[in-house]
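Overview (structure and organization)
What follows is the residue order along each chain.
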Amino acid sequence: MTKTKRDKAWYIKWISSFIIVTAMSLRGIEGMQMYDLILSIFGVAGWLCVGLLWKDRALIILNAVGLSFLFKNLLTYIL
């Protein structure tokens with residue numbers, strides 16, 4: 001049996017993935033848009049951290065842009 005290395009990034013990526021899936025499950029429910037946005041922000045921010053830990057430019061760019069879109073949508077929703 002091989003031993004897997006469970007570092008900080010391993011936990012962040014799985015927690016963030018669970019948060020994003022939870023947010024997506026709320027997306028089509030009327031009145032849950034704020035929860036979807038907030039959970040998506042936390043999930044994408046987690047994946048941005050993973051990208052930074054792994055020094056993976058594709059993950060960093062994808063999640064930084066996604067995070068900026070989510071913040072814009074949150075501000076639009078609030079204001």
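Because the structure is a prediction, the values reported are computed rather than measured. (Residues numbered from 1 in each chain as written. Predicted model: local features only at pLDDT ≥ 70, side-chain atom pairs only at ≥ 80, totals over all residues. Heavy atoms only, no water.)

Looking at unusual backbone geometry
Phi angles above zero are rare outside glycine, and Lys55 is one such case at about 55 degrees. By the secondary structure assignment, Lys55 is in the loop between α2 (33-54) and α3 (57-78). Residue classification places Lys55 among the exposed positions, given a relative accessible area of 70%. (Helix = DSSP H or I, 4+ residues; strand = E, 2+ residues; numbered from the N terminus. Buried < 20%, exposed > 50% of the residue type's maximum accessible area, 1.4 Å probe, protein only.)

So, the pattern of salt bridges
Tallied over the entire structure, the rule returns one salt bridge. Of the charged contacts, one joins Asp36 and Arg27 as a salt bridge, the two residues approaching to 2.9 Å between their closest N and O atoms. Since its relative accessible area comes to 9%, Asp36 is described here as buried. In this structure Arg27 comes out as partly exposed when scored by relative accessible area, which is 44%. (Salt bridge = Lys/Arg side-chain N within 4 Å of Asp/Glu carboxyl O.)

Overview of the packing of aromatic side chains
Using the criterion set out here, one finds two aromatic pairs in the structure. Summarising the aromatic geometry, the rings of Trp10 and Tyr11 are spaced 4.9 Å apart at their centres and angled 85 degrees between planes, so their arrangement reads as edge-to-face. With a relative accessible area of 44%, Tyr11 lands in the partly exposed category. (Phe/Tyr/Trp six-rings, centres within 6.5 Å; stacked < 30°, edge-to-face > 60°.)

Observations regarding helix α1 (residues 8-26)
Between its first and last C-alpha atoms α1 spans 27 Å; for 19 residues at 1.5 Å apiece the expected length is 27 Å, and the two agree. Those residues of α1 lying buried are Ala9, Lys13, Ser16, Ala23 and Leu26. Mapping the buried residues of α1 onto a view down its axis gives an arc of 145 degrees, with all of them on the same face. Opposite the packed face of α1, turned more than 90 degrees from it, sit the exposed residues Ile15, Phe18 and Val21. Packed against the buried residues of α1 are α2. (Expected span 1.5 Å × (residues − 1). Arc of directions from axis to C-beta. Contact = heavy atoms within 4.5 Å.)

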